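For reference, the chains in residue letters:
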Amino acid sequence: MAASALLAACGGGGGDGGGGSGLFQAISFSYPGGATLLAGPVTLKATADSGLPVTFKSGTPDICTVSGDQLTLVAKGECRVTASQAGGADAGGKQWAAADDVGQLFTVLGRAQAPVVPVAVMLRAASATVTLSAKTDAGLAATYQSTTPSACTVSGNALTVLASGLCQLAVTAPADATHEALTGTALIAVSPLPPPVVQSQGKTQTVALATVDAGGSALSYASTAPTVCTVAGSELQILTKGTCTVTLSSASGATENLGVVVDPHFFASGFNPATNRTLEFGDINTGAGVPIASWCGGVDPSFCHLTVSSFASTFGFDIKQKAGSGWDGSTSGWWAYYNYEIGAPKTQSGDRLPFDLKTEESLFVTLGLNQTLFDGGGAVAVRIQTNNLQKKPNGDECYITASANVQPTSAAPTAYFIPLKNFSVTETCGTDIAQTAEAGLAQIRSFGVRALQFGPSINLSRPTPNADGSLPAPTDPAYTLSTDITVFGPITFQ
């Protein structure tokens, strides 16, 4: 968005400002741009160093209008707003000359539009077809294209899901007088169950329900929490914050109870690939190493890599045979450390926000592993680093940390609910805090969360297979151990 402060002569902008007798004064005018059409009035902020009141006017009333200190955007284009102070006597009797006008020029963009798609599709049969909205939330024609054809395909606005996982659609729509064109991505979770957690986003969210099971039996549903969610035909409509509970009934006679937590305590609702942070500005920090062989930061023979998308973040640590002149090819007695840290929300200025857990009972997170790491058979240590800052006897700063182990059930993305009562203190920072689950929960309740850490066990004798499927020996120059772990958003406590 282009913007420039329009100043003329000695820091002013001509017009009616400047001149007259009295003390010199100057205006400081905060940039008012950044809002889009239909977003509501913007409050203009400007001060004169005389302390006298500043007035505003629009130089482009067909694009933006001003009433008092309220700026209203009415059309796309360039908006020019001028701040003025006519001079006069202040409360102490000092006489001030008129200030030079100060202007701001910025581009007014149309409002963004969003696709109207379900947050999830239930899949109980080999495939399922869902009709997508033909229009965006702005009422403009939407077009869809699948970018994950193994998971879903689309023809017109008919979406066919083929397998559990993430269905990703490229969505486009034209611009109009008040909206910008849409070129974006829609992500739809596909699973035999509704999503465990959903962000309400201040609007009704929908889940496309499965209509038949794998045996061809018809499925029907009834909401048992109608104030939170309702069932309309084959669609679950999530209305407000709370716990949505639904009964599924099959024509075969089977029944199931389903549940969705709406607007739990969001630690991270997603990720920003431009900044490598969470959408809540939480840091993503990584570190890994193996004695003799390699550490993060080395390019050859081993290296660490972080990739971030809007819905997931993957950290990998690769170990190769050529690591270190001291390696004789043996992995006997070796150990490795692996730390993948996702920080608590922050303000845009970088201040970490308190993330208190006074009543929540469990952590929800979706994890995926590459096949080599999963085949190693180890658990993933999930750690809650609390906000309890201590100092070790050597003076190093240290945060009390509690941990729980998760045994992955699949290499594919899998959702895990981890009770907070399962987290035992594992880092005491040299204090006398007991290394128990009771002490862990007490620390979490008292101090909240500073960061979440994920550390999978690394089986050093389980290398990444060669292209032909064979496993290289540690003495083989092609030996590589690849250890990718993926954390998906959202991450919540409830």
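Residues numbered from 1 in each chain as written. Predicted model: local features only at pLDDT ≥ 70, side-chain atom pairs only at ≥ 80, totals over all residues. Heavy atoms only, no water.

> Can you break down the state of the cysteines residue by residue, with the values?
Within the structure shown, the criterion is met by 5 disulfides. There is a disulfide in this structure between cysteine 64 and cysteine 79, and the S-S distance comes to 2.1 Å. Across the S-S bond of cysteine 64 and cysteine 79 the torsion is about 90°, and the bridge reads as right-handed. With cysteine 64 in strand S6 (residues 64–67) and cysteine 79 in strand S8 (residues 77–84), this residue pair connects regions lying 15 residues apart in the sequence. Of the two residues, cysteine 64 and cysteine 79, both sit in the buried class. (Disulfide = S-S within 2.5 Å. Helix = DSSP H or I, 4+ residues; strand = E, 2+ residues; numbered from the N terminus. Buried < 20%, exposed > 50% of the residue type's maximum accessible area, 1.4 Å probe, protein only.)

> Outline the pairing of strand S39 (residues 449–456), supporting the account with residue identities and numerical values.
Summarising burial for S39: 8 of the 8 residues are buried, a large majority. Taken together, the 4 bridges between strand S33 (residues 337–343) and S39 define a ladder with antiparallel strand orientation. Residue pairing for S39: glycine 343 is matched across the bridge by alanine 451. (Pairing = 2+ DSSP bridges.)

> A description of the sheet that holds strand S15 (residues 152–155) should follow, citing residues and the corresponding values.
Spatial ordering of the open sheet is given by S13-S16-S15, a layout of 3 strands whose pairing is antiparallel. The sheet is open, and its two edges are formed by strand S13 (128–131) and S15, each paired on a single side. Strand-to-strand twist in this sheet, taken as the mean axis angle between neighbours without regard to direction, amounts to 20°. Where S13 and strand S16 (residues 158–161) come together, 4 bridges link them in antiparallel fashion. (Axes fitted to C-alpha atoms, helices over the stretch in contact; angles between N-to-C directions.)

> I'd like to hear about the sheet that holds S39, residue by residue, with values.
Taken in spatial order, the 7 strands of this open sheet run S30-S29-S33-S39-S35-S36-S38, and their pairing is antiparallel. Because the sheet does not close on itself, it has two edges, and the strands there are strand S30 (294–295) and strand S38 (424–427). Looking at chain direction, strand S29 (residues 284–290) and S30 are connected through 2 bridges and run antiparallel. Note that in S30 the partner of valine 290 across the bridge is serine 294.

Any functional reading would require information beyond the geometric quantities listed.
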